[in-house]
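Given next are the chains, with one letter for each unit.
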Amino acid sequence: MGSEKRLAALEPLFHPADAVINWARSRSLWPMFFGLSCCFVEEATVITARYDIARFGAEVFRPSPRQADLLIVSGTVFKKIAPVVLRLYEQMPEPKWVISMGSCSNTGGMYDVYSVVQGVNQILPVDVYIPGCPPRPEAVLQGLTMLQKKIDGQEAPTRRIFHLGGGSQGTETPVLVDGQTKSRDPRGPGMAGTAIRGTSATPAGFPDSRSDLMWTPEPHRITLGEREKSLAESLSERFGSAVKARPATSDMLTLDVDKDQVKPLLRYLKSESPVRFERLEDLTVIDESARRERPAYPDFSLVYHLLSFDPATRVRLKVPLYGDIPFTESVTDIWPSANWYEREAYDMFGVRFEGHPNLSRILMPSDWEGHPLRKSHPGRATDMAPYTRKDAAAKQPLDAGFYIQHPGEEELVLNVGPHHVSTHGLLRYIASLDGEIITQLKMEIGYHHRGAEKIGERQTWHQFIPYTDRVDYLAGAANNLPYVMSVEQLAGIRVPERAQCIRVLLSELFRLSNHLVFVGTFAHDLGAMTPTFYCFREREMILDIVELITGGRLHPSWFRIGGVAADLPAGWKEKVDEFVRIFPKKIDEYEALITKNPIIRARAVGVGRISLADAKEWGVSGPNLRACGLEWDLRKKFPYSGYENYDFDIPTATGGDCFDRYMVRVAEMRQSIDIIRQATANMPEGRCITDDYRYVVPKRADMLKDIESLIHHFVNVTRGPKIPRGEAYVSCEIPRGEQGYYTVSDGLGYAYRMRIRSPGFPNVQVLPMMAEGWSISDLIAIIGSVDYILPDIDR
Amino acid sequence: MSNWIAGFIVLMVKIAVVLGALLLSAAYLVWAERKLLGRLQVRLGPNRAGKFGLLQPIADALKMLCKEDIVPSAADRVIFLLAPAVVALTALLMFAVVPFGPPIVLWGREVPQVVSDINVALLYVFALSTLGVYGVALGGWASNSKFALLGGIRGAAQMISYELALGLSLIPVVMMAGSFSLVDIVNAQAEMPYIVFQPVAFAIFVIAAMAESKRIPFDLPEAENELGAGFHTEYSGMRFGLFFIGEYVHMQVLGALTAVFFLGGWRGPLLPGPIWLFIKIILVALIMIWIRGTLPRLRYDQLMALGWKVLIPASLVNILLTGAFLLV
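Asks: Please provide a residue-by-residue account of the pattern of salt bridges, values included.
Replies: All names here are of chain A. Applying the stated criterion across every chain, the model contains 73 salt bridges over all chains. One salt bridge connects Arg380 with Asp112, and the closest N-O pair in it is separated by 3.2 Å. With Arg380 in the loop between β10 (352–354) and α10 (389–394) and Asp112 in the loop between α4 (103–107) and β3 (128–130), this pair connects stretches of sequence that are 268 residues apart. Accessibility classification places Arg380 together with Asp112 in one group, the buried group. We note a salt bridge from Glu453 to Arg755, for which the minimum N-O separation is 3.3 Å. Placement of the pair is Glu453 in helix α11 (residues 452–456) and Arg755 in strand β18 (residues 751–757), with a sequence separation of 302 residues. Taken as a pair, Glu453 and Arg755 share a single burial class, namely buried. Within the structure, one salt-bridge network assembled from shared partners comprises Glu508, Arg511, Arg626, Asp633, Arg635, Glu668 and Glu733.

Asks: So what's going on with the domain arrangement of chain A? Which residues, and what values?
Replies: Residues and elements named next belong to chain A. Partitioning chain A into domains gives domain 1 (226–363) and domain 2 (452–733). Placing a centre on the C-alpha atoms of domain 1 and another on those of domain 2 gives a separation of 29 Å. At the interface, 26 residues of domain 1 touch 20 residues of domain 2. Area buried by domain 1 at its contact with domain 2 is led by Arg279, Phe309 and Arg314, which between them contribute 28% of it. Inspection of the region where domain 1 meets domain 2 yields 6 salt bridges. Taken together, the links from domain 1 to domain 2 amount to 8 residue pairs in polar contact (both at pLDDT 80 or more). Looking at the side of domain 1 that touches domain 2, the elements with two or more residues in it are β6 (279–287), β7 (300–308) and β8 (313–321). Among the elements that make up the side of domain 1 that touches domain 2, the one with the highest residue count is β8 (4 residues).

Asks: An account of the nonpolar core is needed here, citing residue identities and associated values.
Replies: The biggest cluster of nonpolar side chains holds 196 residues, and the ones touching the most others in it are Leu124(A), Tyr304(A), Leu306(A), Leu317(A), Tyr483(A), Leu767(A) and Tyr788(A). Among the elements that make up this core, the one with the highest residue count is helix α14 (residues 497–525) of chain A (13 residues). Membership of the second largest hydrophobic core comes to 67 residues, among which are Met94(B), Ile204(B), Ala259(B) and Ile281(B).

Asks: I'd love a proper account of the sheet that holds strand β11 (residues 412–416) of chain A, names of residues and values included.
Replies: Residue and element names in this part refer to chain A. Taken in spatial order, the 3 strands make up an open sheet running β11-β12-β13, and their pairing is antiparallel. Of all strands in the sheet, those bounded by a partner on one side alone are β11 and β13 (437–444). For this sheet the average axis-to-axis angle between neighbouring strands, irrespective of direction, equals 20 degrees. In this structure, β11 lies alongside strand β12 (residues 428–434), joined through 5 bridges in antiparallel fashion. Bridge pairing in β12 links Val413 to Ser432.

Asks: Account for the sheet that holds β8(A), with residues named and values stated.
Replies: All names here are of chain A. If you walk across this open sheet you meet the 5 strands as β4-β5-β8-β7-β6, and the pairing is mixed. Here the strands that pair on one side only, and so sit at the sheet edges, are β4 (243–245) and β6. Across the sheet, the mean angle separating the axes of adjacent strands is 25 degrees when strand polarity is ignored. Packed on one face of the sheet, helix α8 (residues 262–271) meets β4, β5 (253–257), β7 and β8 and runs near 170 degrees to β8.

Asks: Break down the packing of aromatic side chains for me, with residues and values.
Replies: Within this structure, the stated rule accounts for 35 aromatic pairs over all chains. Aromatic pair Trp30(A) and Phe240(B): ring centres 6.3 Å apart, planes at 90 degrees, arrangement edge-to-face. Remark: Phe240(B) occurs in helix α9 (residues 237–262) and Trp30(A) occurs in the loop between α1 (2–26) and α2 (38–45); the pair is interchain, linking two chains. Seen in terms of ring centroids, Tyr111(A) and Tyr467(A) are 5.4 Å apart; in terms of plane orientation they differ by 85 degrees. Their pairing is edge-to-face. Of this pair, Tyr111(A) sits in the loop between α4 and β3 while Tyr467(A) sits in helix α12 (residues 465–469), placing them 356 residues apart in sequence. One exposure class covers both Tyr111(A) and Tyr467(A), and it is buried.

Asks: Tell me about a nonpolar patch on the surface, and name the residues and values.
Replies: All names here are of chain B. Taken together, the side chains of Trp4, Ile5, Phe8, Ile9, Met12, Val13, Ile15, Val17, Leu19 and Leu23 make up a nonpolar region of the molecular surface, amounting to roughly 890 Å² of accessible area. Inspection of the secondary structure assignment puts Ile5 in helix α1 (residues 2–40). A relative accessible area of 39% places Ile5 in the partly exposed class.

Asks: Lay out the interface of chain A and chain B with the relevant residues and their values.
Replies: Contacts between chain A and chain B engage 67 residues on the former and 53 residues on the latter. Where chain A abuts chain B, roughly 5000 Å² becomes buried across the two surfaces, and 59% of that area is made up of carbon and sulfur atoms. Ranking the residues of chain A by area buried against chain B places Arg55(A), Arg66(A) and Ile599(A) at the top, with a combined share of 13%. Taken together, chain A and chain B are joined by 7 salt bridges. The interface formed by chain A and chain B contains 29 residue pairs in polar contact (both at pLDDT 80 or more).

The rules behind these values
- Residues numbered from 1 in each chain as written.
- Chains lettered and ligands numbered in written order.
- Predicted model: local features only at pLDDT ≥ 70, side-chain atom pairs only at ≥ 80, totals over all residues.
- Heavy atoms only, no water.
- Salt bridge = Lys/Arg side-chain N within 4 Å of Asp/Glu carboxyl O.
- Helix = DSSP H or I, 4+ residues; strand = E, 2+ residues; numbered from the N terminus.
- Buried < 20%, exposed > 50% of the residue type's maximum accessible area, 1.4 Å probe, protein only.
- Domains from an automatic or database assignment.
- Contact = heavy atoms within 4.5 Å.
- Buried area = accessible area lost by both parts, 1.4 Å probe.
- Polar contact = N/O pair within 3.5 Å; in protein donor to acceptor, adjacent residues only side chain to side chain.
- Core = buried A, V, L, I, M, F, W, Y, C linked by side-chain atoms within 4.5 Å.
- Pairing = 2+ DSSP bridges.
- Axes fitted to C-alpha atoms, helices over the stretch in contact; angles between N-to-C directions.
- Phe/Tyr/Trp six-rings, centres within 6.5 Å; stacked < 30°, edge-to-face > 60°.
- Patch = residues over 30% accessible without salt bridge, like charges linked within 9 Å, V, L, I, M, F, W, Y side chains within 5 Å.
- Areas by Shrake-Rupley, 256 points an atom, 1.4 Å probe, with all protein chains shown as cover.

Shown next as structure tokens:
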């Protein structure tokens, strides 16, 4: 009893003690170096010059959860990563706080899709929610100060610290249960009783689709060149009726191939035909089971896109497959890069590839049921069972022994990721180490699978544009381009010159902004902390221009089918001119810090080399391919959006090592500046969106004047335009490489199949070839130099 | 007897003053680093906790003291708990032999301005600095985490190899001063600091000292980008804080040793000895911070190559040259 009495005497001291401890804690909130997706870019921006979170004593981002006080869940919480998030949270010492940053983490946001947890509050308690997609850096600062106020004002930690019972500290909000303590309605609260229209199996159609009542012209058709025609003829001579060229196509030579002839044909096209198709550009499947003219289609179509470097041309092969578990032969012995593509097709569609060395799931967790891109699989997370904390605790990632079954003697198997400071996102490397030398390297992707392709099948043609921004979240508007161009190609929509020029301007600005992040993080990966800050300083200038023009920062969603969303605002030219004037000097500054630094050279020259032959074989694209010595840039080889009118070079290097990959990007920045200079100087006058109002929201003035525009306005704003039945593949040179959209329309208001060919997928598949034999430090340098981004790999 | 008691009291007071000053300046060295790095990176650094963020170290320390202290269940508990103390303790003990001024006379007694003037002080410094490796290596090993283990191994290998260069670079200094005592070495520089005679040894010493303190470009044991937090990955709360303190005390000790061996120790015009020593320590520490803000990190094998193939041969040659010069 005595001790309690003495305690009671101490009671008056608790209140001031609380105040002091709370003061210390709130001013020393060390966040964990933790990010899931786009939001983390803005979170990282908060550390840099303009925002400077250090002012609040919170710049000490700890790579280890043991030393962190604050978990800022920035980005999309995927079902595959949620167990990891929970484990990291549990590894943090008490007291700990959680800020949920961005719509995805708050509620699932725009990703109500099978692979995403609808809010991190289903697995963790959350103190502060920061709204936005992504929230601006200022919002992060506000979130932090709100948390400081909460600590200062609401917590009484002294009793806890001395284990006296009572008191409060850290996050104490309850973990919510989807459907019980929080709404399952993806539209938020207040919609009770109003059913959501459409699921993936029953698209948002109407009893007799009103899209059918809208007349649209036939799909755009191209006439094939002589070369393609003669190729088609020689193929039908050689393979007989097994290979048939389609008479009409919207984009490239398209061949229907029988299943048993596809392998000989691919082998022939790769190494014997007059035009050598050296790259397997893409391999994917279409589930044809929901076609409206069902008898005209097989059960599944297997689609190969091939690319020839010289002459620059593409070809498409379509192989019909039948049955519930369709199967075909693997082509991994022709193109090693087919390995991941075939695994993806297996994972997403359940297509079996005979002779594949390791046919297992690649994007979805190993215990997933069903194949998500089949039309019978639910598309929305809210159509599936709720994801609970119990799930997160139970479904831990597979053990490393699953990936490396036979490490060498006395070797250490090390997991790098799925969450690690330098994996540049959620990607898991499993390395077998002899000392520090990597003898085997395996990878596990899919931690950032946002189901973008499935979403493409349910959002209207316009609604899908914001999702394309988020496929490569550092490339912003440059991402919109291949998507809108594939739709324009299919429907034959003409884009006004001014719009094309604006598209080029923004694409190049985003190329600069992306490469700036690359330069900064590459230096950071090698241990230099300061260049990142300089790069982000200039990146802010670019984002200011982007904001002036589009109103957004990371995700402007600015391009529209047929043009861009609005004309350039007053004052844009001065801003861009000022930037163009300043920026080249800044590049010199980075080069002085990085390029000329002997330690950087020692760390990067000759490290992670890949030969040109391998790079072609594995489908590597973008600056990584150019660093191997091939002058290959889609802006020159398949000019689009008016790039043929600009005077610029394609920088290349010869070594194919980390340093060359860095140098190529630095040289590209100088070229981009040139392109921007030309674009601003020669900006044409005129409309910034097509006047083919069938496909675009008409200008307001026109809408008010004539009935025709008014009708189109109504239709395009409510249910969206209809795109004629057909398919088109368009690929663009986005900052990281060649990003292609393969758009398949069934003549409705949304796509039938939306395939995204990303540069990251093949670029990363080749990574073990670069890294094996090098040390763990070199692995980090190689990861930095390859410059991938996770949503682009996993989509 | 009373003599002994007085001596004991004086010693205790000296220890208290030195410890207090060291820990306080370690805390404010962290503050200075965060501010200076901020300026190097075109930003402000901490400025919310107190004026100019001056209370920031206090907030950090208080927070860490009140934090849960996690010992992973698979860790070797005793060694895990002991390791951070080893790092902090050895760093603090090293300062015992650093003279911070000429002897002063208090109440008729001559009081040397050094905690302990032992005649093998230099060996004592090296012995402690070698012991400090155990904190890093054992901390990494006892955590039972692979990243921590890699960090610990790196730390051990790196510090052993740089210890050699560090020691060899000082032999010319000892040859010139003719003593292992730091007090004598400082006194030998009464006319001219040794940096003038021994620029090569100075350069080797500073490089090796930076490697000893595990800072960029030699921060391989904790290489954030590669190993997460390296050897202290599993440490939380104040135990992690001890590693932190150890690092910053170590920086000061190395600054003090640089001053003692090459910059004339506490000697300088006008200002009193302790102030001069303090200025020199801070100067060395600031340069180390500046380097951290500028350079990237070496790779493990490059670090070893620099130590074994460049620094050690260079210091051997330097010894020979010094010896020849002294003979002639």
